[in-house]
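Commentary on secondary and tertiary structure
These are the residues of each chain, in order.
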Amino acid sequence: MLYRLILRRLLFFLPPESAHHLALSLCAKGWTERLLRRLFPPLPSGLERTVWGLRFPSPLGLAAGFDKNGIALGAWEALGFGFCEIGTVTPAPQGPNPPPRLRRLPRSEALWNRLGFPSEGAERVARRLARRRTEGRWPRFPVGINVGKSRQTELDRAAEDYARAFSLLRAYGDFFVLNLSSPNTPGLRSLQQETHLRSVLAAVAAANPPPAKPVLVKIAPDLEEKALGRILEVLLSSRCDGLVATNTLPTPDRGGVMGGLSGKPLTQRSTEVIRFLVRESGGRLPIIAAGGIFDGADAREKLDAGASLLEAYTGFVFRGAGFARDIERDLLGTVP
Ligand SMILES: Cc1cc2nc3c(=O)[nH]c(=O)nc-3n(C[C@H](O)[C@H](O)[C@H](O)COP(=O)(O)O)c2cc1C
């Protein structure tokens, strides 16, 4: 309530990227983390689940893209998320795309972005995570790390990029997500095609000796069933532990610039993709659902569609600090 009445108005008064940087840098402060822990009660019990042998205190996590460089892990835990996925981290540091990069569409409860993987690079992120661990500030929930290729890397060399980012960060992630579906890095989405997909998965598998870390693939929301079916065939016959469904929907803004749409307009489409994947895979690959989760009903629908875990970005931006707790409270009332 406080967020919606005051903080959201203040943040939404700022341009979206400035609001994001302000909120994120506040969340990265030690005192904010301590304050949030005091303000928000501990997670309720009854929502825990185990996937890939990892214990998730709640099925709802923070989606990739919010904390790209892993600077505020403790805040996500304090806000009641059951896990977080940091990234996309690229092997080398790179800046964002030129503007326009991020727009709010409040009436549709959506965001449009074409950020294009701004990243401090895998080495720097790994050093930050190592420091957090040695200082004893590591969160108790699972941390996922989403990796991507650098903007200038040719598609034929993309597998090396994924393997390099993965190797540098392997020690710090509980699970990894290969982002092959962002609409904002030219050509990236074609890595979902069979030949590329196999080579990316093979390169990462070669860098993932036992005890192997779970590796997931993040897919786009606008693939036809035939293409989804082919991806599933590859994933089921390769070393792959699950899917994140879905990324943002490729959409032009009013000026015709291509970017990715997230939030409410994605809710139904992403649920349809999840239903199809669960049905066709016979439930053999755990799925993290992402796309337009705003409340307990959206979360319940994704779980009923067969998702093992949930992630949100846009809902968190629109609903604010109490977002995870509100959804968890709703979910607890509907645990089957
Ligand atoms: C501003 C913004 C930046 C994002 N950056 C990334 C990213 O770096 N890597 C990624 O895999 N997904 C990224 N995403 C996609 C989200 O992780 C998520 O898949 C998508 O937004 C759908 O969920 P939502 O409707 O809850 O936002 C981004 C989304 C937004 C809105």
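Placed above this text is the structure.
If you're wondering where the values come from, they're calculated on a predicted model, not measured in any experiment.

Reading guide: rules and limits
- Counting of residues starts from 1 at the beginning of each chain's written sequence and follows it residue by residue.
- Reporting of local features is limited, given that this is a predicted model, to residues whose pLDDT is at least 70; pairs of side-chain atoms are given and counted only at 80 or more, and all residues count toward the totals for whole chains, interfaces and linings.
- The basis for every side-chain value is the complete set of non-hydrogen atoms in the structure, without hydrogens or water.
- A helix here means a DSSP run of H or I that spans at least four residues, while a strand means a run of E at least two residues long, and both kinds are numbered starting from the N terminus.
- When a residue's accessible area, from a 1.4 Å probe over protein chains only, is under 20% of the maximum for its type it is buried; when over 50% it is exposed; and in between it is partly exposed.
- We call two N or O atoms a polar contact when they sit within 3.5 Å, provided that within protein one can donate a hydrogen and the other can accept it, with sequence-adjacent residues counted only if both atoms are side-chain atoms.
- Residue contacts follow a heavy-atom distance rule, with two residues in contact if any of their heavy atoms lie within 4.5 Å.
- Any residue with a heavy atom positioned within 4 Å of a molecule or strand is treated as near that molecule or strand.
- Working definition of accessibility: Shrake-Rupley area with a 1.4 Å probe, residue cover restricted to the visible protein chains.
- Residues are grouped as follows: Ala, Val, Leu, Ile, Met, Phe, Trp, Tyr, Cys and Pro are nonpolar; Asp, Glu, Lys and Arg are charged; all remaining types, including Gly, are polar.
- Strands are treated as partners if at least two bridges between them are detected by DSSP.
- Axes here mean lines fitted to C-alpha atoms, for a helix over just the part in contact, with angles spanning 0 to 180 degrees between N-to-C directions.

1. Some words on the side chain of Asn179
As for its position among the elements, Asn179 is in strand E8 (residues 175–179). Assessed through its relative accessible area of 4%, Asn179 is described here as buried. Polar side-chain contacts of Asn179 include one of 3.3 Å to the backbone nitrogen of Ser182. Aside from chain neighbours lying at most four places away, what touches Asn179 is Thr88, Phe117, Asn146, Val147, Tyr162, Leu188, Lys218 and Asn247.

2. Considering the site of the ligand
Residues in contact with the ligand amount to 25 residues; listed here are only the nearest, Ala64, Lys68, Thr88, Gly292 and Thr314. In the environment of the ligand, a nitrogen atom lies 2.7 Å from a nitrogen or oxygen atom belonging to the side chain of Thr88. Taking Asn179, its side chain carries an N or O atom lying 3.0 Å from an oxygen atom of the ligand. Contact with the protein chains removes 98% of the 600 Å² of surface that the ligand exposes when unbound. Put simply, the parts of the chain that give the shell around the ligand at least two residues each are strand E4 (83–89), strand E6 (110–113) and strand E12 (258–263). Its residues placed into classes, the shell around the ligand shows nine nonpolar, 14 polar and two charged.

3. Observations regarding the sheet that holds strand E11 (residues 249–252)
Judged by pairing direction, the sheet is antiparallel, and its four strands sit side by side in the order E5-E6-E12-E11 without closing on themselves. Only two strands of the sheet have a single partner each, and these edge strands are strand E5 (102–105) and E11. Pairwise comparison of adjacent strand axes, ignoring direction, gives a mean angle of 35° for this sheet. Relative to E12, E6 runs antiparallel, the two being bridged by four bridges. Within the sheet, the bridge partner assigned to Trp112 lies in E12 and is Leu261.

In short, the description is geometric, and any link to function would need to be established separately.
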